[in-house]
Amino acid sequence: MSLRYVTTNEGKVREALEYLDDDVTQLDYDYTEVQAEDLETVAAHGAREAFVHAGEPVIVDDAGLFIDDLDGFPGPYSSYVEDTLGVERVGRLAREEGTLDAQFRCVIAYCDGEEFAATPEPVDRGERRGQDLAADARGSATTDAQVAGGDVPVKLFTGAVPGTIVEPRGDGGFGYDPIFEHGGKTLAEMSAEEKNAISHRGRALAKFAEWFAER
Ligand code: ITT
C-alpha cells in the first residue's frame, strides 16, 4: 500500500520527497484543523480523519512559526495569520516589538489504523469527544467524522529549528521562509536540500523515515 502525504501545500511535498522515495504521493485533502494550543493535537486529529477518508496509510504535517517574545504567536494559528495579516506584516510586527528570536516547529502524524510498538516517539490515542459518547448513548449511527475523532492510534514525530526574524529575503520555499533566518540565510534563500538539512520539517521527516523503514 502506498503512503499518502495529506496536504494542500505542494511546498511540503517537495521537501518530503527528499526523504521518502517515490512511494509517497500527495493527497490534496483539506482535513479539519481543530483549534488547539499545540500542533500535536491538530496533526493527530487530522491524521485520523485523513486515514478514514483515504483508507490507506497517511502522514499529516502541521507546522507553525513561534515568535518567542510574542508568547509563541502565531504558533498553531500560523496559517490563519498568514492569510489575514500576511508574512511581511508579521515580520514588521516582530521587528517593531524588537523581538527577533523565533522557532519553526513541525509535527508529523502517521496513521495506518494499526497499533504501534513502543519507541521514544509518542503515540496519540485521542479522546472520544463528549458529543460522540452522547450520540452512542442515543444509539445513533456513527459518522466518519465521529470515528475520526475516536481512538485510532497516531504516531507523532517532531522537529524544530531556531532562527531570527528579518526583513524578507529570497524567493525559494514558501510561507514564512523569507522572514526566517538561520545560519546567515533566510529559509527562502536555501535550496530544498539545504532547508531540509536544518529545518523543523527535515528533522521530523528524518525521524519518521528512519522509523518507517523498519515498519
Ligand atoms: P496543509 O494544512 O494543507 O498541510 P498549510 O500550508 O495550511 O497546508 P500548516 O497548517 O501546517 O500547512 O501551515 C501553517 C502555516 O505555517 C502556513 O501559513 C504555512 O505557510 C506556514 N509554514 C508551514 N511550514 C512552513 C515552512 O517550512 N516554512 C515557512 N512557512 C511554513
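Parameters at a glance
Sequence order as written defines the numbering, with residues in each chain counted from 1. For this predicted model, a pLDDT threshold of at least 70 governs which residues receive local features, and a threshold of 80 or more governs which side-chain atom pairs are given and counted, while totals over whole chains, interfaces and linings are taken from all residues. Values shown for side chains rest on all heavy atoms present in the structure; no hydrogens or waters enter the calculation. Patch membership is restricted to residues that have no salt bridge and whose relative accessible area is over 30%. Joining uses 9 Å for like charges and 5 Å for the nonpolar side chains Val, Leu, Ile, Met, Phe, Trp and Tyr. Using the Shrake-Rupley algorithm and a 1.4 Å probe, accessible areas are obtained, with residue cover drawn only from the displayed protein chains. Salt bridges, as used here, are contacts in which a Lys or Arg side-chain nitrogen is within 4 Å of a carboxyl oxygen on Asp or Glu. Counting rule for charge: Lys and Arg are taken as positive, Asp and Glu as negative, and neither His nor the chain ends is counted. Taken as the charge centre is NZ of Lys, CZ of Arg, CG of Asp or CD of Glu, depending on the residue. Segments assigned H or I by DSSP are reported as helices when at least four residues long, segments assigned E as strands when at least two residues long, and all are numbered from the N terminus. In this scheme, a residue with accessible area under 20% of its type's maximum is buried, one over 50% is exposed, and one in between is partly exposed, where area comes from a 1.4 Å probe on protein chains only. The cutoff for a nearby residue is simple: one of its non-hydrogen atoms must lie within 4 Å of the molecule or strand. Polar contact is the term for a pair of N or O atoms within 3.5 Å; when the atoms are in protein, one must be able to donate a hydrogen and the other to accept it, and sequence-neighboring residues count only if both atoms are side-chain atoms. Pairing of aromatic side chains here covers Phe, Tyr and the six-membered ring of Trp, requires ring centres within 6.5 Å, and sorts the geometry by plane angle: under 30 degrees stacked, over 60 edge-to-face, intermediate tilted. Our definition puts a charge over a ring when NZ of Lys or CZ of Arg is within 6 Å of the ring centre and also within 35 degrees of the ring normal. The nonpolar core is taken to be a set of buried Ala, Val, Leu, Ile, Met, Phe, Trp, Tyr and Cys residues, with the residues joined through side-chain atoms within 4.5 Å. By definition in these notes, contact holds between two residues if any of their heavy atoms fall within 4.5 Å. Note on pairing: two strands pair once DSSP finds at least 2 bridges between them.

(A) Expanded view of a negative patch on the surface. A cluster of acidic side chains, namely Glu10, Asp28, Asp30 and Glu33, defines a negative patch on the protein surface. If you trace the backbone, aspartate 28 turns up in the loop between strand 2 (24-27) and helix 2 (39-54). Residue classification places aspartate 28 among the exposed positions, given a relative accessible area of 56%.

(B) Expanded view of the site of the ligand. As a structural note, the neighbourhood of the ligand is formed by 20 residues, with Thr7, Thr8, Lys12, Glu82 and Asp177 the closest of them. Contacts to the ligand include lysine 195, whose side-chain N or O atom sits 2.8 Å from an oxygen atom. With respect to the ligand, the side chain of arginine 201 contributes an N or O atom lying 2.9 Å from an oxygen atom. Against a free-state accessible area of 600 Å², the protein chains account for coverage of 93% of the ligand. Put simply, the parts of the chain that give the shell around the ligand at least two residues each are strand 3 (58-67), helix 3 (78-84) and helix 8 (200-214).

(C) Representation of the packing of aromatic side chains within the structure. On inspection of all chains with the given rule, the structure shows ten aromatic pairs. Ring geometry for phenylalanine 104 against phenylalanine 180: centres 4.5 Å apart, planes inclined by 45°, an arrangement best described as tilted. Placement of the pair is phenylalanine 104 in strand 5 (residues 101-111) and phenylalanine 180 in strand 8 (residues 180-182), with a sequence separation of 76 residues. You'll find phenylalanine 104 and phenylalanine 180 in the same group, each marked buried. Members of the aromatic cluster, each reached through a chain of ring pairs, are Tyr110, Phe116, Phe157, Phe208, Trp211 and Phe212. Its end group placed over the ring of phenylalanine 66, arginine 105 keeps NZ or CZ at 5.8 Å from the ring centre.

(D) Layout of the nonpolar core. If you look at the biggest cluster of nonpolar residues, it comprises 19 residues, and the most contacted ones within it are Val6, Val60, Cys111 and Val154. Looking at this core, the elements that each hand over two or more residues are helix 2, strand 3, strand 5 and strand 7 (154-165). Among residues more than four places away in sequence, those in contact with valine 6 are Leu27, Tyr29, Tyr31, Ala50, Val58, Ile59 and Val60.

(E) Structural detail: the pairing of strand 2. Relative to strand 2, strand 1 (residues 3-6) runs parallel, the two sharing four bridges. Opposite tyrosine 5, over in strand 2, you have glutamine 26 as the bridge partner.

(F) Expanded view of helix 1 (residues 10-17). When we look at burial in helix 1, the residues that qualify are Gly11, Lys12, Val13, Glu15 and Ala16. In the core, the buried residues of helix 1 are packed alongside strand 1, strand 2, strand 3, helix 7 (192-198) and helix 8. Where helix 1 begins, the side chain of asparagine 9 points an oxygen toward the backbone nitrogen of glycine 11, at a separation of 2.8 Å.

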